[in-house]
Structure formats: structure tokens, C-alpha cells
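Coordinate analysis (summary)
Chain by chain, the residues run as shown.
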Amino acid sequence: MKENLVIVESPAKAKTIEKFLGKDYIVMSSFGHIRDLAKKNLGIDIENNFSPNYVIPTEKKKVVSDLKKMATKLKTIWLASDEDREGEAIAWHLSEVLNLNSQNTKRIVFHEITKNAIQKAIQNPRKIDTNLVNAQQARRILDRIVGFEISPILWKKVKPALSAGRVQSVAVRLVVERDREIGDFKTNSFYKVVALFTVTDAFGKETIMKAELQKKIKDKKEALDFLEKNKNSEYKIKDIEKKPSRKSPSPPFTTSTLQQEAGRKLGFSVSQTMTIAQKLYEAGKITYMRTDSVSLSDFAVNAIKKVVIEEYGNKYLKTRVYKTKAKGAQEAHEAIRPSTIERKVSNNYNEQRLYDLILKRSLASQMSDAIIEKTIVTISSNKHNEMFISTGEILKFDGFLKAYKEGTDDENTNTSKQLLPPLEKNQILKLNEINARERFTHHPPRYTEASLVKKMEELGIGRPSTYAPTISTIQKRGYVIKETREGLERKYVLFRLKNEKITEEQKSETTGNEKSKLFPTDIAMVVNDFLVQNFTNILDYNFTASVEKDFDKIASGNIVWTNMIGSFYKPFHSKVEQTLEQAGKESGERILGIDPKTEKQVSVRIGRFGPMVQLGISNLDDKTIEKPKFASLNKEQRLESITLEEALDLLENSNSGRKLGIDPESGKQIIARAGRYGPMVQLGEKVGDEKPKYAALMKGQTLENISLKEAIVLFKLPRTIGEYENKVVVAAIGRFGPYVRHDSKFVSLKKTDNPYTVQLDRAIVLIEEKRETERKRLIKTFDEDEELKIINDRWGRPCIFYNKKYYTIAKETEPVKLSYDDCLKIISLDPKSETSKKKKTTTKTKKAATAKKTTGRRKSATTKRKTTTRRKTSTAKKKT
């Protein structure tokens, strides 16, 4: 007879655990959290010591009901949610909502889903750790307070529907500041001088040896002067230095390092990595994947030792003990590793790839150092005192590199090392050529998801369980976009000294390629500036890190969570009220004075797209009053400090946007500004009946970086590119992106096509491709109505297409056999159809009429009963 109920948070986890438990156990899933803070009235009773008001969402009520029924039937309840704070909170909520008795309720934890781990957990149950629960509650409540109190200010002061968050806003700030750092970076050129020497060994074999000049050459003149000095020069080896070195393996994976390495080596996004890791964990293939610990259990070390000896040999084994450097490491007590070492764990390609990465890193962590011999050769000239340096590496013993080599985020690092030939001190070298190539300084790299996680971890922002959700959130909410942008062609100069002659070549290279990088949107910049200005402490990196440390202290029982929230809330709420009051007083407006030219009022306020200057008064009721003019503030300007003179300069120069220059064809001004539907460029101004032209910015362009040349190109659309089948073909950009239009039909351009350069032959190919696709989609048409068709939808499923709507066909139905009447019947039964809606309306009307009649009858019966009662009372009185 079954007497035990085990509750976990995931159906997949439940399925795996069920295999290891006997017939006495039933395993059920809570499908994550079963309750959360109410959305109404903040969900927190501030006055009652921040008491949370938890509610069960509608979609979880059946789950709770099923768990309650089963819990009342069985003798012992085992709460087996994950061992981190989130898992502890799930266990606590289950205990509270299901009204579990502490006498027969047991909390069990395990960091891997294996038979031994589950049985060991069953043998060592414990009580729910309220400190861990309170740490999770504190995080949830603090984040709710910050989000719910700041977001309405953003709606009022910046733009509706925006959101702010304690961690997400700091992550956005990192991306915004890096973008501006790149924008402000001044590229400088210099010359890198490399000499190529021919070395002949004892057997007459020639090898080219590369050597780099120690000194960086500043400019073209200095480069030419240096090459002149090297004419007819003799070179010899002044010194040879050999340095033995060792390279040690990295520790096993934590959440952060797994996300970084999977991004570098496998091209996974942070959320993709965590989704796949979750599946591997729930299938019992790896240990718990939310951890900031690098330690390994004795069991794991022994298992790895066995594999290393079997596959690589004793000399490759070196047992290591890793200690966690992260302060307050709190998620789990072991690094991410295979539960049991297997080579094949999944038929899913990406699951197997991630598992292989984890396996190799775990094996390498217990392997010997790689032994490298580094050779440094110093080469002198008899014509000058500058030295050429040639370096080479020899891998004496590969050690852990036989199993695994770690990736890097540095895109400018050249990891290839030359192998030097046998050399001797004072050996004369034959010069082949010297190249002085113009190089350029690099701006700091943009963040990838992986490098942003690394930066957040360095600053102490967030914890293993929050990295992936934070990075996903800032992208979903439109603050950050992840995309690949092509580089630009750049010219450079190459001077070459060969055969005592100096030649000059003009060459080109592509620079600035950005692959899967994070870019801030315009709204991110506006919101970031507003928050940094008004809520400095919330956006401060040190403050965010100190809050995380406070959560760690709550988890270890060193501080009371309500005290921590209270000390934060009072000054924070005061600042919120002050900001709201300021918004009310200003109505988003501070009057600066009168423009002497127009004699109109000049004011500053927060507009829909950020801080701006306004010339004139807004009056929607009086149509005779001229509409005001606007201009955006510069990045360094502030509402509270801008002067009248500065505001007038902005109005004159920016023309409600950023002045780019004059269009050579029309002679009109072009500006970049935020329009009703997003960032755009404007050509000219409204003069009488003549209206300005507008063009939306393309992907990758922003108001801050678009140039005049790029803006002029945007006005070339729509562009007639020729005729096909005696009908005009036009290229343009629409609501859903670039397209070509032919015969009143639209064909989307591919990512590789540019609407400004696409030619007629390419457009014809795309038009015919779409026609072929539509022909393949078509299954059946009807003479009775040309609009009604049976087609395959975008996912290849048969459906009825009628009046621009799709109607599902049952799986068991053969689409080809459907008649016209069959199709009409399916349409009429579908909830989307007008016929169905009419039937529903008729049914509702009938029900309402029936209900009205019933109510009328009830009222009539009630009235009759009352009348009868009154008559009987009257008769009795008379008799008396």
C-alpha cells in the first residue's frame, strides 16, 4: 500500500525520481511555485511590517486541489523541491497552502538525481529552513517594491508601459554605459613593425621566423624613417631565453562559468544554456545547475580519477581541491558535473553537446598541468639600437589540454604560437622583409550575454538563479537587443622593405564586425539617464551588490529580513514621493523665460522620449494657437540646471532632433528625432501645404550614431527597380521590414538583401520563390467561392483559409476530400467565424429571455403568496 507522497516542482524531475523509489511512493509535481504576491495593492502590507499577501493563481488551483486530496490520503509527505532558496520557498508555500502537519512532513534535498542521492536524502530528512525562505521572500518583496514604485514614475515622466527593476535596470546601465564608452572612443593609428627572417638549419631546410619590433611606431614619417635605417643592415641573435611555465586547468563549472563557456564554444544564449542544463539535471545526468560552488564531492573525485587513469594514464592524474571564491556562495554545495560519467546521455544534439562540455571540464579539473617551454629570441641590428623580439612556445606535456581547452572573450587575442627552429646566440640572420603595417586602437568590446554575466558576477550583481532571467527580461522589454552587425571597410597603409627597396601599398580591411552582441535601444538610454539622475543608489553597482550580501546574511540567520527591507524602504519611498511631487509640480515642466525673437515661453520637461525643451504653450482646446516646438536635451544636460540660453541654442540647432546637415538635392535640413512610431529622420519642415518627408531608421541605426550620409540613403525609398510582366516592381521598407511590391503583392526581402541596392533580377527570384511556395501551400480551391481555399499553414498543417482567417481542420480529416459545404460547416462551428458568433449571441439572448421569464414567474408567485398571507391574517383578526 502506498503511504508516501513526494512533491517536486517539475514533472520531468518527478518522472526521474519515480524510477528510484519503491512502490510505497507517489511522486507528484507542483509545476513550480503554487502562489505568488497579489498584484493588487502591491501585494505587500507595508504598515504591517511588510507582510506579504500571497494568492494562488487561477491556473494553479487545480494543481493545489489535486495535491491537497492526495496529501490527506497518505501518511508521510516529502517536500523534494530544489535545494536553493527558490526551492526552499516552494517547499514552504506547499506546507502552508496544503496545511501540512509538521509531524508527518519531511524536507529532503539532493544536488543530483541518482538512486544513491535520493535514498540518502530519504534517510536524512530535515525541517524547512526558514532562513532560506526569508532570504527568498526578502528578494521577492524588495524587487516588487522597487518595480511597482518606480515603474509608474517612468510611465508619467518618460513613456507608458515601461518597467524598472532592482537588477534589470543595473544590467541595462552596464550595456548603455559600454555603448557610450564605445561611441566616445577615439581611434588612434600606429604602425606595427614585423620582420621576417630566413633561418637555415644544419640540413639546409629553410624556416621563416617572425619577429616584432618592441617599440610601437607613432606615425607614417617615423615608420618610413625606421625602414630607411634598416637598409643594408646586418641582424644577429643577441640573446635566447627559455622560460618553462605551467598552465593549470580551470575549476569545474559554476552557473556563471557554464553560461559563459556555452556561449563562447557552443553559441548558446544564457537562457538556452539553463533550459538544456535543467533538462539534463531532471533526467539525472548532471548535478544541480544553479550553483556558485566549485567544490567536488569525494564520490565525484574518485569517479573522475578512475576515468582519467583508464583513458589517459597515471601521469595525467592530479587530484585537486577547489575552494569557492564567491562570498556567500549559497545556491548549492557542489559544482556542476556529470552525476555518473557516461559518454552518451541524450539523442538531442544540443543536450549531448552541453553534457560533453560539462564532462570534459570536470575531467580536466582533476588532471595534470600542461608544461610549456616559452622561448624569447632578441635580435639586434648594426644600424640602430631597436630590438626585434621573436617568441615561440613548445608544448612539452599536454596534461589537461588533452581533454579540454577553455575559451576566451578577448576577440583581439591571437592564440596561435609559432614553432621556432634551432637557434644559437650570435647567429647571423638573413632578412627576408620588414613590414610596417598601420594598425588602430580598439574600443572596449561590446557585451555578449556571456560577458555580461561575467561582469555581473564580478560586481556581485545578482546570483546564479537570476543571471538568465535578468538578461532575458531586458531583451523582452525592449531595452536591449541582441544582434549581429556587419563591419565597415577601413583603409590602411602597408610599407614593405624588401631587397633594400621600400614600397607603399594601400589596403583595406573590414572592422567592427559584431556577432551576437548586446545593443541598448534609444528608450534604454532615456530610462537609464532618468533613473541614474533620480535614483542614484538603486542604479549604483555597489548598492546592488551590498543588497545581495544582505540576502546572504538573512539566509545564514544573521539579520532579520523585515529590518533589512525597512531600512531600505523609508529613504527609497521618500525619494519616490519626492520625484512624483516634482512631476506634479512641474507637470513635467520648468519655465525658463521668454524667447526674445518669438516672444514665446521657453520651458523644459520630460517628454515621451525623455528630457526636452519646449517653445510655446500646449493648448489642445484652442486650435488657433500655434503648436509648440520641441528639442531634446543633450546627454550631459539636466532639467534642473539648463539655462534659457542653452535651451534657445538647442531649439535653434536641433529643430526638435539632432541636426545632421543639408540634403544636397533639395537643400533642406535633415534631422534625426524620435517620432510617434519610433526613431526616424526628417527632411525639411512644414511650410504651408508642403509637408516634410520622414523615414524610419534601419536595424542597427540609432538617433545618437546615424550620420548625414546614412540619413540621405533612407529617403531613397520607395524605389522603383524596374518592370516585370509589364508591372512595376518597387522596393521599400514597411511595418514588417524591407520588401518588394509587384502586382499589389508584397514579398519580404531576405536578411542578406538590402532594399536600397536590391536589383530587378534578385526581386524576380524572390517573387517567383513566393509564388512557388504559395503553389505548394495550395491544396484545393472551389468554384463556388474563389476566396475559400484549403491550404497548408506556415507550419505545414492543412487548414481552411477564408476572408483572411484560418480555420483548423481535424487531424483525422483528409483535406482533399472536403467539399465546399463541408468547409462552410467547419467555418460555422469555429469560434472565430461570424456564423458561430451569431449562434452564440442568439443562444445568449434566448438564455436571457428565459431567465427574465423565470424571474417574472418567481416574482408573481412571491406576490401571490404575500397576498394570501395578508388575507388570512385579516380574516383571523375579524374573527377575534
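Here's what I pulled together on the structure shown here. (Residues numbered from 1 in each chain as written. Predicted model: local features only at pLDDT ≥ 70, side-chain atom pairs only at ≥ 80, totals over all residues. Heavy atoms only, no water.)

1. Focus: helix α1 (residues 11-20)
Along α1, the positions that sit buried rather than exposed are Lys13, Ala14, Thr16 and Ile17. Considered in projection along α1, the buried side chains sweep an arc of 170° and stay on one side of the axis. In α1, the exposed positions angled more than 90 degrees off the buried face are occupied by Lys15 and Lys19. Looking at the buried side of α1, the elements it contacts are β1 (4-8), β2 (25-29), α4 (115-123) and α9 (270-282). Its side-chain oxygen at 3.3 Å from the backbone nitrogen of alanine 12, serine 10 defines the N-terminal cap of α1. (Buried < 20%, exposed > 50% of the residue type's maximum accessible area, 1.4 Å probe, protein only. Helix = DSSP H or I, 4+ residues; strand = E, 2+ residues; numbered from the N terminus. Arc of directions from axis to C-beta. Contact = heavy atoms within 4.5 Å. Polar contact = N/O pair within 3.5 Å; in protein donor to acceptor, adjacent residues only side chain to side chain.)

2. Some words on helix α6 (residues 168-184)
Here α6 spans 24 Å end to end across 17 residues, near enough to the 24 Å set by a 1.5 Å rise per residue. In terms of burial, α6 is a largely internal element, 13 of the 17 residues being buried. (Expected span 1.5 Å × (residues − 1).)

3. Considering unusual backbone geometry
Here the bond from leucine 717 into proline 718 is cis, since omega is -5°, no more than 30 degrees from zero. Looking at where proline 718 falls in the secondary structure, it is placed in the loop between α18 (708-714) and β27 (719-724). For glutamate 500, which is not a glycine, the phi torsion comes out positive at approximately 65°. Residue class for glutamate 500 comes out partly exposed when judged on its relative accessible area of 39%. A positive phi angle, near 65°, is found at lysine 804, a position not held by glycine.

4. Side note on the pairing of strand β29 (residues 737-742)
Strand direction decides the pairing type here: strand β28 (residues 727-734) and β29, joined by six bridges, are antiparallel. Each residue of the ladder has a partner; that of isoleucine 733, found in β29, is proline 738. Across four bridges, the pairing between β29 and strand β30 (residues 745-748) is antiparallel. In the strand pairing of β30, tyrosine 739 is matched with serine 748. Counting the residues that bridge the hairpin from β29 to β30 gives two residues, and of these aspartate 743 lies at a positive phi of roughly 55°. (Pairing = 2+ DSSP bridges.)

5. Details of the sheet that holds β1
Spatially, β2-β1-β7-β8 is the arrangement adopted by the four strands of the open sheet, whose pairing is parallel. The open sheet has two free edges, formed respectively by β2 and β8 (105-107), since each of these has just one partner strand. Shown here is a sheet whose adjacent strand axes are inclined to one another by a mean of 25°, direction ignored. Here strand β7 (residues 76-79) runs beside β8; their pairing, made up of three bridges, is parallel. Looking across to β8, one finds that leucine 79 is bridged to arginine 107. The strands that helix α2 (residues 61-73) touches are β1, β2 and β7; relative to β2, the one it contacts most, it runs at about 165°. (Axes fitted to C-alpha atoms, helices over the stretch in contact; angles between N-to-C directions.)

6. Structural notes on the nonpolar core
Looking at soluble globular proteins, one finds that nonpolar side chains tend to be buried together. Formed by 116 residues in total, the largest nonpolar core has its most connected members in Phe110, Ile145 and Leu354. No other element matches the 11 residues that helix α5 (residues 130-157) contributes to this core. Setting aside anything within four residues of it in sequence, one finds leucine 354 in contact with Leu258, Ala262, Leu266, Phe268, Thr273, Ile276, Ala277 and Leu280. In terms of nonpolar packing, the next biggest core, distinct from the first, is built from 25 residues, Tyr191, Ile217, Ala436 and Leu497 among them. (Core = buried A, V, L, I, M, F, W, Y, C linked by side-chain atoms within 4.5 Å.)

7. A word on the side chain of glutamate 334
As for its placement among the helices and strands, glutamate 334 is situated in the loop between α10 (298-311) and α11 (349-364). Note on glutamate 334: relative accessible area 3%, which makes it buried. In terms of polar contacts, glutamate 334 uses its side chain to reach the side chain of histidine 111, at 2.4 Å. Here serine 297 takes part through its backbone nitrogen, which lies 2.9 Å from a polar atom of the side chain of glutamate 334.

8. Re the sheet that holds strand β34 (residues 805-808)
With antiparallel pairing, the four strands of this open sheet are ordered in space as β31-β32-β33-β34. A strand with exactly one partner marks an edge of an open sheet, and here the two such strands are β31 (778-781) and β34. Strand-to-strand twist in this sheet, taken as the mean axis angle between neighbours without regard to direction, amounts to 30°. In this sheet, strand β32 (residues 789-792) lies alongside β31 in antiparallel orientation, the contact comprising three bridges.

9. Thoughts on the packing of aromatic side chains
One pair of aromatic rings is described through two measures. These are the centre distance and the angle between the planes. Tallying each qualifying case throughout the model produces 17 aromatic pairs. Between phenylalanine 197 and phenylalanine 388, the ring centres sit 6.2 Å apart and the planes meet at 80°, which makes this aromatic pair edge-to-face. Residue phenylalanine 197 is located in strand β9 (residues 189-200), and its partner phenylalanine 388 is located in strand β13 (residues 388-397); the two are separated by 191 residues in the primary sequence. Comparing phenylalanine 197 with phenylalanine 388, the two get one shared label, buried. On the numbers, 6.3 Å between centres and 70° between planes, the contact of tyrosine 235 with phenylalanine 388 is edge-to-face. Remark: phenylalanine 388 occurs in strand β13 and tyrosine 235 occurs in strand β11 (residues 235-247); sequence separation between them is 153 residues. An identical accessibility class is assigned to tyrosine 235 and phenylalanine 388; each is buried. By way of ring pairs, the aromatic residues Phe197, Phe226, Tyr235 and Phe388 are connected into one cluster. (Phe/Tyr/Trp six-rings, centres within 6.5 Å; stacked < 30°, edge-to-face > 60°.)

10. Describing the packing of α5 against helix α15 (residues 541-555)
At a minimum axis distance of 7 Å, the contact between α5 and α15 shows a crossing angle of 150°. When the axes of α5 and α15 are compared, the pair comes out roughly antiparallel. Contacts from Asn131, Leu132, Asn134, Ala135, Ala138, Arg139 and Leu142 of α5 reach α15 at Val547, Glu548, Phe551, Ile554 and Ala555. In terms of residue class, the contact of α5 with α15 is built from eight nonpolar, two polar and two charged. (Parallel < 35°, antiparallel > 145°, perpendicular 65-115°, else oblique. Nonpolar A, V, L, I, M, F, W, Y, C, P; charged D, E, K, R; others polar.)

The analysis is restricted to geometry; functional conclusions fall outside its scope.
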